[in-house]
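# Coordinate analysis (summary)
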Protein chains: 2
Amino acid sequence: MTVVTKKEYESLTEEKAILYAKRLELFPKDAELECREIGDGNLNYVFHIKELESGKGIILKQALPYAKVVGESWPLTLKRALIEAKALQKHGEFAVGLVPKVYAVDEELAITVMEDLSHLTIAREGLIRLEAYPKLASHIGEYLAQTLFHTSDFALHPFEKKKLVSEFSNPELCKITEDLIFTDPFFDHETNDFEPSLREAVAAIWSNEPLKLEVAKLKKSFLTEAEALLHGDLHTGSIFASETETKVIDPEFAFYGPVGFDVGLFLANLIVQTITRDGEQREVILHHIAETWDVFSAEFSKLWDTKAVESYKDTKGFKAYVLEKVFQDTLGFAGCELIRRTIGLAHVKDLDGIEDGEKRTVSKKQALLLGEVFILKRREINSIQAVIELLEELHK
Amino acid sequence: MTVVTKKEYESLTEEKAILYAKRLELFPKDAELECREIGDGNLNYVFHIKELESGKGIILKQALPYAKVVGESWPLTLKRALIEAKALQKHGEFAVGLVPKVYAVDEELAITVMEDLSHLTIAREGLIRLEAYPKLASHIGEYLAQTLFHTSDFALHPFEKKKLVSEFSNPELCKITEDLIFTDPFFDHETNDFEPSLREAVAAIWSNEPLKLEVAKLKKSFLTEAEALLHGDLHTGSIFASETETKVIDPEFAFYGPVGFDVGLFLANLIVQTITRDGEQREVILHHIAETWDVFSAEFSKLWDTKAVESYKDTKGFKAYVLEKVFQDTLGFAGCELIRRTIGLAHVKDLDGIEDGEKRTVSKKQALLLGEVFILKRREINSIQAVIELLEELHK
């Protein structure tokens, strides 16, 4: 007699993860497996399972039904695991080699089994250590163009696009972004977190009505504009890199939103690096910034010319209009990211890790200032070269 | 023994409609009922069922699984009946008394049973006959403000809004609009339909690249901007009216889109009337146009002030920005509607019914010209008064 029971969610241990992996038959039957939990345990378990003999590994990622933030425990939908797995698969169709391969998806247990990337480094960590990633910018430019073009109305039949919009409806994770990027940092909200030396600069932001008006517009865009299937959280902590490889991970915030949001988040996290660096090391990052946009826009443009299905694709000025909108949105969203990473709930090690208190304050003030300028002047800063000049200006 | 069988779709006849109504117990058990099919039979059956003694009636609307257009039969999703019923209910929560009451919804048979409105006239028919509808503009202004504000991010928790976006995903009906309003009329497409005397004007549209660029932007907005739950087809043929009452019907095109689309379609269909009228009768419609916008914007503004849940609602300039965007979108979408109703697949009787051939051509050319001006100049025409002046200009 076979008794079929619906699997119920339970969180794995290292031992159970090994048993789970064995059942998937991704390793030889008699393989000796080793398992280590390597996640930060805030949102997910990340089990690294390795066959001792061959050294081959897999990653088994399991979403936890809560998030530990500021000591509290927030309940958090397990559906995000499925969103993440599906986004990896969908983006992987187009950004070939730039996202981890998915071997198995388990909706009930909120598990995704995927390619082992433990030979790579999280880009943020490497960048802070001044490691060189000569391919990072061109790979991310390519990733952005491929994923965002191919999931947009320009590439898809409207039935397919609207199906994906519903499939990737992601209210709970979007709410986190709506609050932590677009709202809380611009109001005196309890989730904010900044050092006393920034109080004056922060108060100036809270009372800057023209700035808040522009952020309100950007938030409206985030809430309403279903342009493409975004990664949704594309900072340098969501990227594995080496000198030759780049893999974008963790798209649990994926949803249909404005194209410039992904581009802007990545650029903002590079911009943070320019603030902390000097001389030649700084030039490297400025080059990354320009290259990311140049590769993205050239690649997007090429895809448009060769693959767009939109009837108006050859209408004079339409492609330029779309790219210009993406550029302006990019700057605005980058500005929001710079500000929230400095005074909001979730900081970045690039800035918080600066040991000298005075230098840290100066750097954070620069991040805030740049954020404000990008948000307020996004329609006037009309090329990536102008962005670079602005960043160079700041360092004189 | 009870045998439960899943109901399968079958189209009703007048006899079956009476049996169906009896089962719903909306009439006394022994009531003598009379039934007439009063639809145009293109997309739906509309059965008017009346109790002979009391004269009380109901409407039973059943979607057909195909659309008869230009002699052909297009398959068409039955899901539209559910979308329509749910939109009537959702809009009815806010625009109280301005949409028919829904008594029953039958998903399998694609049937909605609703309030009998047979004492009212379809506004388009009445307007063509110069009937007076002194409440039409203020009622529709109110309807637009209530339905569009209350289903937007300004009024709803983001979870609720995103749930509605998925629930009202309506790809097949949206595709009809995407093609017939935003695409086909601007290209030499086989669905277009216009008289030879317009060929030159039409060719000028097809080769007007600046115009097509602006239509491409409007189409992109229609495809991507999920601002509010629209009616989606708010022309004067979707409105029942009398001197005192107004009821908006037929929201089968409902979906989450840009607010200005509903406002624009209604205004375009009034504008068509201004083209066909003279003197005082023309003034009546000009007054309707101004009043619709004035009531809509005043009411939307009041709802914003008293009910908005958005953190930025009091940020200086945000409400004005939102209303300005709606106004520009309104003009753009109105322009598209004017053009497609003149040279596209689906015409309006207001223009086609003009018997004098020369006058008809002149009127249609005016509709095309106005459409072009609204699309191209929508950022410069900055008040409803400017729209009225433009319409008066045309008639000098």
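Quick note: structure is the one above.
An account of the accompanying structure is given in this report.

Reading the values: rules and limits
- Residues numbered from 1 in each chain as written.
- Chains lettered and ligands numbered in written order.
- Predicted model: local features only at pLDDT ≥ 70, side-chain atom pairs only at ≥ 80, totals over all residues.
- Heavy atoms only, no water.
- Helix = DSSP H or I, 4+ residues; strand = E, 2+ residues; numbered from the N terminus.
- Rg over C-alpha atoms; globule rule 2.2 N^0.38 Å.
- Buried < 20%, exposed > 50% of the residue type's maximum accessible area, 1.4 Å probe, protein only.
- Contact = heavy atoms within 4.5 Å.
- Areas by Shrake-Rupley, 256 points an atom, 1.4 Å probe, with all protein chains shown as cover.
- Lys, Arg positive; Asp, Glu negative; His and termini not counted.
- Charge placed at Lys NZ, Arg CZ, Asp CG, Glu CD.
- Expected span 1.5 Å × (residues − 1).
- Buried area = accessible area lost by both parts, 1.4 Å probe.
- Salt bridge = Lys/Arg side-chain N within 4 Å of Asp/Glu carboxyl O.
- Pairing = 2+ DSSP bridges.
- Axes fitted to C-alpha atoms, helices over the stretch in contact; angles between N-to-C directions.
- Parallel < 35°, antiparallel > 145°, perpendicular 65-115°, else oblique.
- Left-handed = near helix turned anticlockwise from the far one by under 90°.
- Nonpolar A, V, L, I, M, F, W, Y, C, P; charged D, E, K, R; others polar.
- Polar contact = N/O pair within 3.5 Å; in protein donor to acceptor, adjacent residues only side chain to side chain.
- Least-squares fit on C-alpha atoms with pLDDT ≥ 70 in both.
- Core = buried A, V, L, I, M, F, W, Y, C linked by side-chain atoms within 4.5 Å.
- Phe/Tyr/Trp six-rings, centres within 6.5 Å; stacked < 30°, edge-to-face > 60°.

### Some words on the overall build of chain A
The helix and strand inventory of chain A stands at 14 helices and 12 strands. Taking 2.2 N^0.38 as the reference for a compact globule, 396 residues should give roughly 21 Å; the C-alpha atoms of chain A span a radius of gyration of 21 Å, in line with that estimate. Summarising its shape, the C-alpha atoms of chain A cover approximately 70 × 55 × 40 Å along the three principal directions. Taking all 396 residues of chain A together, 59% fall into the buried category. Partitioning the contacts of chain A with sequence separation of at least 6, the portion at a separation of at least 24 is 70%. Per element, the accessible surface of chain A, about 16,500 Å² overall, is 51% carbon and sulfur. Put simply, chain A has 48 plus and 67 minus side-chain charges, and the middle of one group is 3 Å from the middle of the other.

### Section: helix α9 (residues 259–276) of chain A
In this model α9(A) runs 27 Å from its N-terminal to its C-terminal C-alpha over 18 residues, within 8% of the 26 Å that 1.5 Å per residue would give. Burial analysis of α9(A) places 17 of its 18 residues in the buried class, which makes it a mostly covered element.

### Observations regarding the interface of chain A and chain B
Facing 42 residues of chain A, the contacting portion of chain B comprises 42 residues. Considering only the surface of chain A that becomes buried against chain B, Lys162(A), Lys220(A) and Tyr312(A) emerge as the three largest contributors, covering 19% of it. Linking chain A to chain B there are six salt bridges. Two residues, Lys162(B) and Glu178(A), come together in a salt bridge whose shortest N-O distance is 2.7 Å.

### Structural notes on the sheet that holds strand β6 (residues 102–106) of chain A
Pairing between the strands of a sheet comes from backbone hydrogen bonds, and it takes one of two forms, parallel or antiparallel. All names here are of chain A. In spatial order, the strands read β1-β2-β3-β7-β6; together these five strands make up an open sheet with antiparallel pairing. With partners counted over all chains shown, the strands left at the sheet margins are β1 (33–37) and β6, one partner each. The average undirected angle you get between the axes of adjacent strands in this sheet is 20°. As paired strands, β6 and strand β7 (residues 111–115) are joined by four bridges and run antiparallel to one another. If you follow valine 105 over to β7, its bridge partner there is threonine 112. Against the sheet, helix α1 (residues 14–24) touches β1, β2 (44–51), β3 (57–63), β6 and β7, its axis set at about 130° to β1. Here helix α2 (residues 79–94) sits on the sheet and contacts β2, β3, β6 and β7; the angle it forms with β6, its principal contact strand, is near 155°.

### As for the packing of helix α11 (residues 318–343) of chain A against helix α8 (residues 209–224) of chain B
What describes two packed helices is the angle between their axes and the distance between those same axes. Close contact between α11(A) and α8(B) brings their axes to 10 Å; oriented N to C, the two are set at 45°. Our classification of the angle between α11(A) and α8(B) gives oblique. As for the relative orientation of α11(A) and α8(B), their crossing is right-handed in sense. Where α11(A) approaches α8(B), its residues Phe318(A), Tyr321(A), Val322(A) and Lys325(A) are matched on the opposing element by Leu213(B), Ala216(B), Lys217(B) and Lys220(B). Counted by class, the contact of α11(A) with α8(B) contains five nonpolar, no polar and three charged residues.

### Re the side chain of His48(A)
Residues and elements named next belong to chain A. Relative to the helices and strands, histidine 48 resides in strand β2. Of the polar contacts made by the side chain of histidine 48, one reaches the side chain of aspartate 116; its length is 3.0 Å. Not counting residues within four places of it along the chain, the set of residues in contact with histidine 48 comprises Glu34, Cys35, Arg36, Ile38, Ile58, Ile59, Asp116 and Ser118.

### Here we look at the relation of the copies chain A and chain B
Between the two copies, chain A and chain B, the superposition gives an RMSD of 0.0 Å; the rotation angle is 180° and the shift along the axis is 0.0 Å. Here the two chains are linked by the operation of a two-fold rotation axis. If distances are taken from each C-alpha of chain A to the rotation axis, the shortest is found for Glu225(A), at 2.3 Å.

### Overview of the nonpolar core
Ranked by size, the top nonpolar core spans 177 residues in total, and within it Ile289(A), Phe296(A), Phe300(A), Phe182(B), Ile289(B), Phe296(B) and Phe300(B) carry the most contacts. Setting aside anything within four residues of it in sequence, one finds Phe182(B) in contact with Tyr312(A), Thr177(B), Val215(B), Leu218(B), Lys219(B), Phe222(B), Phe261(B), Phe333(B) and Cys336(B).

### Considering the packing of aromatic side chains
All names here are of chain A. The final tally for this structure, using the stated rule, is 34 aromatic pairs over all chains. Between phenylalanine 154 and tryptophan 304, the ring centres sit 4.7 Å apart and the planes meet at 45°, which makes this aromatic pair tilted. Of this pair, phenylalanine 154 sits in the loop between α4 (136–150) and α5 (158–167) while tryptophan 304 sits in helix α10 (residues 279–307); the two residues are 150 residues apart in sequence, bridging distant segments of the chain. Like phenylalanine 154, the residue tryptophan 304 is buried in the burial classification.

### Digging into the pattern of salt bridges
Residue and element names in this part refer to chain A. In this structure the tally under the stated criterion is 60 salt bridges over all chains. Glutamate 84 serves as the salt-bridge partner of lysine 61, at 2.8 Å between the closest nitrogen and oxygen. Highlighted residues: lysine 61 in strand β3 and glutamate 84 in helix α2, separated in sequence by 23 residues. Glutamate 84 carries the same exposure label as lysine 61, and that label is buried.

Nothing here speaks to function; it is geometry throughout.
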